[in-house]
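Coordinate analysis (summary)
Letter by letter, the chains look like this.
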Amino acid sequence: MPDWTYHPLRGITAAVLGVRRSRRVALHALATLVSLPSGRRVVSLAFGHRPAPPDLAGTVAGVPVASRLGAIVPPAVARDAIRALPTQGAGFIVIAPVTPADVPQVLEATAGRRRPVFIRSTDPETAAALAPHIDGVLLENARLVSVSAPGTAEAVALLQDGGTVLATPTVLVTEGPGWFQRVTEAATPTHPATGLRAVGWDPRRWPAWWWGFCVGAGMIGGGLGAALITLGPVLLWYDRDFLGTDLNGLHHINHHLVHFLQHDRITMAATMVAIGVLYVGLAVGGIRRGWPWARNAYLVSGYIGFPTLFYFLGFGFLEPLHTAVAVVLFPMFVLATRRSPDRPRWTLQPDGPEPERLRAHLGQLLMIITGVGLFIGGAVVSVVGLTHVFVPSDLVFLQTTSEDLQAANVHLVPFIAHDRAGFGGALTAAAAAITGLSAWGWRRGEAWIWWTLALAALIGFLPPIVIHAHAGYTDFWHLAPVYFGSLLTILALALARPYLCNKMASTDRSS
């Protein structure tokens, strides 16, 4: 399990299961997930982990290891640790101390291992019995340093000096499974981040992050344009051509109809602007600085958002403006995400007060819950828009039925379906970006993450509430997801602000 579930929930699970059992359950759950088909890949992608840089490679007892950062575990948990910890960033595992009675347990644990496994034993017969099944036996004077103090500073310093580091169970219990990745990132040599002056005027030389910025800026501009149209003429010429009527005709059909269209379209426009803010943040704050997870979050969101253009196949209305925006922005999106960042360019902040980090993990969990909830909501809205179009509260507000609207104008319901389904698709794309940014980006001092999420939330939640009030569509249960999402976001960002926005002495390792 990631740190954002481990830390907030470990007190609850310890109270229910007991401290020792809850730790074993957590490790076993992760090991079970890793053991499933494609489980290792899923865990690595879901947790946003990246391979150790070449600088951390080395040897242990003459055996090559991809990372000189390992873990020492007792035989009782060796089987689960050997399966789970390498996916978190452990380059090797040491089982210690091993006695003759532990031989069967160690044999079972080392079967099918994917990382080097060593043992420490003072019994020659035990060492001889296990030697064919492990990668080496470490003597007591082996040059490995066991780290027992919380934090990452000691481990980073040892790795940078060419040492080999072992995380003790105490460190892993205190710090959580994300400790390996935090140490790896802090020990990775980095380069200075590129600035705006390096972009230049030649599009052929523009870096990926600048194309990502352009997509975000285009989304912001498109959303603001959609909002201005909605608050002004409401319908453009192609809308009137499709409907075969104008605003007066819509008023004649139902005097609530124009307000209903405005509430749908303003909500959609706000979501577009929020997506643009998220994309600008991911591009400038993440991709520009070489974070692979930022590119992945951007990629997942775009892969969800751009195909929703084809929702028009479900209702037969292809909006020219929507299509033009997608056609212009999609090539830029491809240029922004076609390859992973070539080199690390981040600047990490050192460990600060531990209570701040623990509160921030709770905020992170709440933010991820918000993102997942928005994704589910967007998926539901998309399905409704492509099928029933209206929810019961819509028809109560309109004081009519879908059949009556269809009878009044055969193109009216498909026209509304276009707005409804389009909003659902945009919401799922925004939710994917929010979830990726929250799950993978939480690091001390990364204030851009806090401001990106805060601004996107303000733009995404406030205009829908205002337009619903203006239209008189104030059904509590209809707006409950917006209210609940707003409260969760406010609480999450309040908990995380001291951690994300606190600037301390940096640990940049430019090379």
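The structure contained in this document is the topic of the report that follows. (Residues numbered from 1 in each chain as written. Predicted model: local features only at pLDDT ≥ 70, side-chain atom pairs only at ≥ 80, totals over all residues. Heavy atoms only, no water.)

One open sheet holds the six strands; their spatial order is β6-β5-β4-β3-β8-β7, and the pairing between them is parallel. Strand pairing shows two members of the sheet lacking a second neighbour, β6 (136-137) and β7 (145-147), which therefore form its edges. Of the pairings in the sheet, the one linking strand β3 (residues 69-73) to strand β4 (residues 93-95) comprises three bridges and is parallel in character. Opposite I72, over in β4, you have V94 as the bridge partner. Against the sheet, helix α7 (residues 153-160) touches β3, β7 and β8 (165-167), its axis set at about 160 degrees to β7. (Pairing = 2+ DSSP bridges. Helix = DSSP H or I, 4+ residues; strand = E, 2+ residues; numbered from the N terminus. Contact = heavy atoms within 4.5 Å. Axes fitted to C-alpha atoms, helices over the stretch in contact; angles between N-to-C directions.)

What follows covers the packing of helix α13 (residues 257-286) against helix α19 (residues 412-441). Put simply, α13 and α19 touch, their axes get as near as 9 Å, and they point 25 degrees apart. In terms of orientation, α13 and α19 fall into the roughly parallel class. When the axes of α13 and α19 are compared, the crossing they make is left-handed. Residue composition of the contact of α13 with α19, grouped by class: 19 nonpolar, four polar and four charged. (Parallel < 35°, antiparallel > 145°, perpendicular 65-115°, else oblique. Left-handed = near helix turned anticlockwise from the far one by under 90°. Nonpolar A, V, L, I, M, F, W, Y, C, P; charged D, E, K, R; others polar.)

Here Q181 shows up in helix α9 (residues 179-186). Those residues within four positions of Q181 in sequence are excluded, and the remaining contacts are G48, H49, R50 and Q88.

What the rule picks out here adds up to 26 aromatic pairs. With 4.8 Å between their ring centres and 10 degrees between their planes, F397 and Y473 make a pair best called stacked. With F397 in helix α17 (residues 392-398) and Y473 in the loop between α20 (447-471) and α21 (476-501), this pair connects stretches of sequence that are 76 residues apart. For the pair formed by F397 and Y473, the shared burial category is buried. Here F476 and Y483 contribute two aromatic rings whose centre-to-centre distance is 5.9 Å and whose plane-to-plane angle is 35 degrees, an arrangement assigned as tilted. On the basis of relative accessibility, which here comes to 47%, the residue F476 falls in the partly exposed class. In this structure Y483 comes out as partly exposed when scored by relative accessible area, which is 31%. An aromatic cluster is defined as three or more aromatic residues linked by ring pairs; in this entry it consists of Y279, Y298, Y303, F306, F330 and F333. Over the face of the ring belonging to W291 we find R443, whose NZ or CZ atom lies 4.4 Å from the ring centre. Lying over the aromatic face of W450, R497 brings its terminal NZ or CZ to 4.6 Å of the ring centre. (Phe/Tyr/Trp six-rings, centres within 6.5 Å; stacked < 30°, edge-to-face > 60°. Buried < 20%, exposed > 50% of the residue type's maximum accessible area, 1.4 Å probe, protein only. Lys NZ or Arg CZ within 6 Å of the ring centre and 35° of its normal.)

Here the focus is the pattern of salt bridges. The full count for this structure, using the stated rule, is 14 salt bridges. The residue E185 makes a salt bridge to R443 at a minimum N-O spacing of 2.6 Å. Of this pair, E185 sits in helix α9 while R443 sits in the loop between α19 and α20; the two residues are 258 residues apart in sequence, bridging distant segments of the chain. Each of the two residues, E185 as well as R443, counts as buried. Between E356 and R444 there is a salt bridge, with the nearest N and O atoms lying 2.9 Å from each other. Of this pair, E356 sits in helix α16 (residues 354-386) while R444 sits in the loop between α19 and α20, and the two are 88 residues apart along the sequence. Each member of the pair, E356 as well as R444, carries the same accessibility label: buried. In the salt-bridge network here, residues are joined through shared partners; they are E175, R182, E354 and R357. (Salt bridge = Lys/Arg side-chain N within 4 Å of Asp/Glu carboxyl O.)

For the rest of this paragraph, the subject is the layout of surface pockets. In this structure, the largest pocket spans a volume of roughly 860 Å³. Around the largest pocket, the lining comprises 38 residues; the ones closest to its centre are L374, F423, L427, P481 and V482. Top contributing element to the lining of the largest pocket by residue count: α16, with 10 residues. Tallied by class, the residues present in the lining of the largest pocket amount to 25 nonpolar, 11 polar and two charged. A volume near 660 Å³ is recorded for the second largest pocket. Along the walls of the second largest pocket sit 39 residues, with R182, E185, W442, R443 and Y499 positioned nearest its centre. Of the residues belonging to the lining of the second largest pocket, the class tally is 15 nonpolar, 14 polar and 10 charged. (1 Å grid on protein atoms, 1.4 Å probe; cavity = no way out; pocket = protein on both sides within 12 Å on 5 of 7 lines; lining within 4 Å. Points joined across faces, edges and corners; volume = space filled by probe spheres on them.)

Each packed pair of helices is defined by two parameters, the angle between the axes and the distance between the axes. Where helix α2 (residues 19-35) contacts helix α4 (residues 78-88), the two axes come as close as 8 Å, and the packing angle between them is 75 degrees. Looking at the two axes, α2 sits roughly perpendicular to α4. Along the contact surface, α2 presents L27, H28, L30, A31, V34 and S35, while α4 presents D80, A81, R83, A84, L85, T87 and Q88. Split into classes, the residues belonging to the contact of α2 with α4 amount to seven nonpolar, four polar and two charged.

For the coordinates displayed, the defined rule picks out two cavities of 30 Å³ or more. Surrounding the largest cavity, 13 residues form its lining, L309, F312, F315, H322 and H418 being those nearest its centre. Sorting the residues of the lining of the largest cavity by element identifies α15 (320-337) and α19 as the ones contributing at least two each. Broken down by element, the residue count for the lining of the largest cavity peaks at three residues, all from α19. Residues that form the lining of the largest cavity fall into these classes: seven nonpolar, five polar and one charged.

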